[in-house]
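As a plain string of letters, each chain reads:
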Amino acid sequence: MIEQGDFANGTSSATSQLVHGGFRYLLKRDIELVKNSRREREILCRIAPNLVKPIPLALLCYKGDPYPLTGMQLAAHYYNRLSKTDEKEKSITIRDVRKIQHLVGPIATNTLKGCVLLWDSTVDDARLTLATIKDAHRHGAIVANYVRFLNFLDQQETVNAENRIYKVAAEDVISRQCFEISARKIVSATGPWSDHIWRKDPSYDGIPRLLAENAKGIHLLLPRCEKEDDAGTYGLISFTQVEKQRRRNPRVIFILPGAHNTSIVGTTETTPEEDLVSVRPSTNEVTYLLSETQRIFPERTLNKDTIIAAYAGTRPLIAAKRHIHGFSKTDFVSREHLITESPSGIMYLYGGKLTTHRQMAEETVNHLATFLNVRRACKTAVYPLPDAVGEASGTDAERLVRRYGEGYSTIQKFITEDGTLAEPVTPSLPFTKAELLYAYWGEMAITLEDLLWRRTRIGWTPGQGVDIAPKIAQFLGEKNNWSHTKISAEVEAYRERIHWLNFNL
Ligand SMILES: Cc1cc2nc3c(=O)[nH]c(=O)nc-3n(C[C@H](O)[C@H](O)[C@H](O)COP(=O)(O)OP(=O)(O)OC[C@H]3O[C@@H](n4cnc5c(N)ncnc54)[C@H](O)[C@@H]3O)c2cc1C
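Residues numbered from 1 in each chain as written. Predicted model: local features only at pLDDT ≥ 70, side-chain atom pairs only at ≥ 80, totals over all residues. Heavy atoms only, no water.

Enquirer: Can you tell me about the overall build of the protein, naming the residues and giving the values?
Expert: Regarding its fold elements, the protein presents 15 helices and 17 strands. For 505 residues, the compact-globule estimate of 2.2 N^0.38 gives 23 Å, and the protein sits close to it at 23 Å. Reported as C-alpha extents along the three principal axes, the dimensions of the protein are approximately 70 × 60 × 40 Å. Every one of the 505 residues in the protein was classed for burial, and the buried ones make up 52%. Taking the contacts inside the protein whose residues are at least 6 apart along the sequence as the reference set, 68% of them involve residues at least 24 apart. Working note: accessible area of the protein is about 23,700 Å², and carbon and sulfur atoms make up 52% of it. Within the protein, the 60 negative side-chain charges are centred at a point lying 5 Å from the centre of the 65 positive side-chain charges. (Helix = DSSP H or I, 4+ residues; strand = E, 2+ residues; numbered from the N terminus. Rg over C-alpha atoms; globule rule 2.2 N^0.38 Å. Buried < 20%, exposed > 50% of the residue type's maximum accessible area, 1.4 Å probe, protein only. Contact = heavy atoms within 4.5 Å. Areas by Shrake-Rupley, 256 points an atom, 1.4 Å probe, with all protein chains shown as cover. Lys, Arg positive; Asp, Glu negative; His and termini not counted. Charge placed at Lys NZ, Arg CZ, Asp CG, Glu CD.)

Here it is as structure tokens:
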């Protein structure tokens, strides 16, 4: 498996961090999609319990919303029935506005009719991706980050398709060295980049498979509202005012608990103007999310200075199934996935959600196994992901196991060999030096951004890690024999990246 950047550097670290059935798709009557996603949530809660955590979500219902409280109540009941629901995850309706405020913080109550509580799950998307890749590696997969696919090379001609050998040109993004990779089958699982690969396919027919319209989405990270007792552990969803006024498709805004005492506020649906690798929050998107949050929390002072961080991603939306080999439905935009093979024999995974990634992988690998004449039953729905399970006692041990699962024992080993690695890298954050080393020695982090933005989420703390980047780089430099030039270059690259990302904040 080759990845042109860091693992999960694309959309898979820019989600709303939800493993969910998609309640709003139920309102759009997309029952099959919801059913599948609910089933996948159940599986992920089982195989990755340390990462995929159930979360109660309060669906607020204000006067004038597109659906009345009773309608939402019925839909929530149906939502639960689409999968096996734990008794404690039963949906309930709350009309007492004080009680709602107690759960979700000091929200506006003037026209609040009530809320419906239902359960989905949250996840650290980048860590779930990494846990999955590490498990594949344990089972024999060769995985490489910072290796880019460049082009398809001529295939070796054979009498039958099963014996065909495909060749691609690839590039080591760090050293700029180019080389060839041969394989019996090639799968493009490149999310929003799928059409970039498709354009290079020898059988490219000139028709894009993905849709750019409304594909971009951003999120803001704000300090979590700590005013009420339980506030912070519940997420909330509300219909947005702006879209209601425009009488457009009713959209919702989420405010969810995120890592390091943040609230994740999302999301938007806009048509990206920029290149895929350079999507970042625009001024309009930031203003829109801030004003919607302010409407819900009128007592809070919210402005651009309140924002801790922001990020953007591009949805891999399937454009028109009818164009794609083997499908004949009329045009529609969907969160569903599609696995297809081009006439030249390249497999493509289109669409999908983070929630359904395991199912997409299962279907793809089953197809490959049939093609390669390998008989094996898929066990990913049953076997836990080692990096997302485990227990330990003690505050620090618990935190490490929750984040690294089995990786905890390697971190412990580092500390046993060198006691100084148990020290925090900086007093303001809980991360130990051993953890940071583990990102490099055990999880293939290459740059400071990989470490601060995806492995640890230090980038989601006030200052986004820019202030402590020199100290961290110095420590890593000493352990990895980096030159002074490399240490400075790493710090500068991270600083520039954050500056660029925050340009419109
Ligand atoms: C704003 C937003 C919020 C979302 N929220 C949720 C949510 O809460 N829950 C949910 O279930 N889903 C959510 N989604 C959808 C979900 O994020 C995506 O469906 C999923 O992450 C797509 O994964 P992917 O692997 O297909 O794409 P990506 O994660 O983008 O991965 C594709 C990878 O291919 C690599 N690549 C591209 N070209 C090359 C090349 N030439 N050589 C090598 N590698 C290459 C890229 O670097 C990239 O890392 C959200 C999406 C967005 C945009």
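What follows continues from the structure just given.
Enquirer: Report on the confidence of the model for the protein, specifying residues and quantitative values.
Expert: Of all residues in the protein, 92% attain a pLDDT of 70 or more, and the chain-wide mean is 91. Confidence drops under a pLDDT of 50 for residues 326-333, and excluding neighbours within four residues, the segment shows 14 contacts in the predicted structure. (pLDDT = per-residue confidence, 0-100.)

Enquirer: Mind laying out the site of the ligand, listing which residues take part and the relevant values?
Expert: Residues in contact with the ligand amount to 32 residues; listed here are only the nearest, Glu3, Thr11, Ser12, Leu18 and Thr355. Interatomic distance of 2.7 Å between a backbone N/O atom of Leu18 and a nitrogen atom of the ligand. For the ligand, the accessible surface in isolation is 1,000 Å², of which the surrounding protein chains cover 90%. Secondary structure elements with two or more residues in the shell around the ligand: strand S5 (147-156), strand S10 (216-223) and strand S14 (309-314). Broken down by class, the residue content of the shell around the ligand amounts to 10 nonpolar, 18 polar and 4 charged. (Near = heavy atom within 4 Å. Polar contact = N/O pair within 3.5 Å; in protein donor to acceptor, adjacent residues only side chain to side chain. Nonpolar A, V, L, I, M, F, W, Y, C, P; charged D, E, K, R; others polar.)

Enquirer: So what's going on with the domain arrangement of the protein? Residues and values would help.
Expert: Here the domain parsing of the protein yields domain 1 (53-122 + 216-314) and domain 2 (390-501). One C-alpha centre belongs to domain 1, the other to domain 2, and the line joining them spans 31 Å. Counting residues at the interface gives 14 residues for domain 1, matched by 13 residues for domain 2. Of all residues in domain 1, the largest losses of buried area upon contact with domain 2 belong to His260, Arg280 and Ile308, amounting jointly to 48% of the total for that side. Applying the counting criterion to the domain 1 and domain 2 interface returns 0 salt bridges. Listing elements by their share of the side of domain 1 that touches domain 2, those giving two or more residues are strand S13 (262-266) and S14. No other element matches the 3 residues that S14 contributes to the side of domain 1 that touches domain 2. (Domains from an automatic or database assignment. Buried area = accessible area lost by both parts, 1.4 Å probe. Salt bridge = Lys/Arg side-chain N within 4 Å of Asp/Glu carboxyl O.)

Enquirer: So what's going on with the pairing of strand S7 (residues 178-183)? Which residues, and what values?
Expert: Looking along a regular strand, one sees the side chains alternate between the two faces of the sheet. Relative to S7, strand S6 (residues 165-172) runs antiparallel, the two being bridged by 6 bridges. By the bridge assignment, Ala170 is partnered in S7 with Phe179. Linking S6 to S7, which pair antiparallel, is a turn of 5 residues; within it Arg176 sits at a positive phi near 70 degrees. (Pairing = 2+ DSSP bridges.)

Enquirer: Tell me about helix H3 (residues 69-81), and name the residues and values.
Expert: Between its terminal C-alpha atoms H3 stretches 19 Å, which fits the 18 Å expected from 13 residues at 1.5 Å a residue. All of the buried residues in H3 are Leu69, Met72, Ala75, Ala76, Tyr79 and Asn80. Buried positions in H3, seen along its axis, are confined to an arc of 140 degrees and lie on one side of it. In H3, the exposed positions angled more than 90 degrees off the buried face are occupied by Leu74 and Arg81. Against helix H1 (23-27), helix H2 (31-47), strand S2 (53-62), strand S3 (92-94), strand S4 (112-122) and strand S11 (235-239) lie the buried residues of H3. (Expected span 1.5 Å × (residues − 1). Arc of directions from axis to C-beta.)

Enquirer: Before we move on, can you summarise the environment of Gly459 with the specific residues and values?
Expert: Counting through the fold element by element, Gly459 comes out in the loop between helix H13 (448-455) and helix H14 (469-480). Taking the C-alpha atoms as reference points, Gly459 and Ala309, separated by 150 residues in sequence, lie 7.6 Å from one another. Setting aside residues up to four positions removed in sequence, Gly459 forms contacts with Ala309, Leu452, Trp453, Gln464 and Tyr494.

Enquirer: Explain helix H10 (residues 395-404) to me, and be specific about the residues and the numbers.
Expert: Buried residues of H10: Ala397, Arg399, Leu400, Val401, Arg403 and Tyr404, and no others. Its buried side turned inward, H10 meets helix H5 (125-138), helix H11 (407-417), helix H12 (433-441) and H13. Positive backbone phi, approximately 55 degrees, marks Gly405, located one or two places after H10.

Enquirer: Tell me what's going on with the pattern of salt bridges, and back it up with residues and numbers.
Expert: Counted according to the given criterion, the structure contains 34 salt bridges. With its nearest N and O atoms 3.0 Å apart, the salt bridge here joins Lys134 to Glu443. Taken together, the positions of Lys134 in helix H5 and Glu443 in the loop between H12 and H13 put the pair 309 residues apart, joining distant regions of the chain. The exposure classification of Lys134 matches that of Glu443, with both residues buried. In this structure, Arg176 and Glu171 form a salt bridge, with 3.1 Å as the shortest nitrogen-oxygen distance. Judged by its relative accessible area of 52%, Arg176 falls in the exposed class. The network of salt bridges with shared partners includes Asp6, Glu449, Asp450, Arg454, Arg455 and Arg497.

Enquirer: For the sheet that holds strand S17 (residues 347-351), give the residues involved together with the corresponding values.
Expert: If you trace the 3 strands from one edge of the open sheet to the other, you get S8-S17-S16, paired in mixed fashion. Both edges of this open sheet fall to strand S8 (187-188) and strand S16 (337-341), since each of them pairs with a single strand only. Both S16 and S17 contribute to a ladder of 5 bridges, which runs antiparallel. The partner of Glu341 across the bridge, within S17, is Met347.

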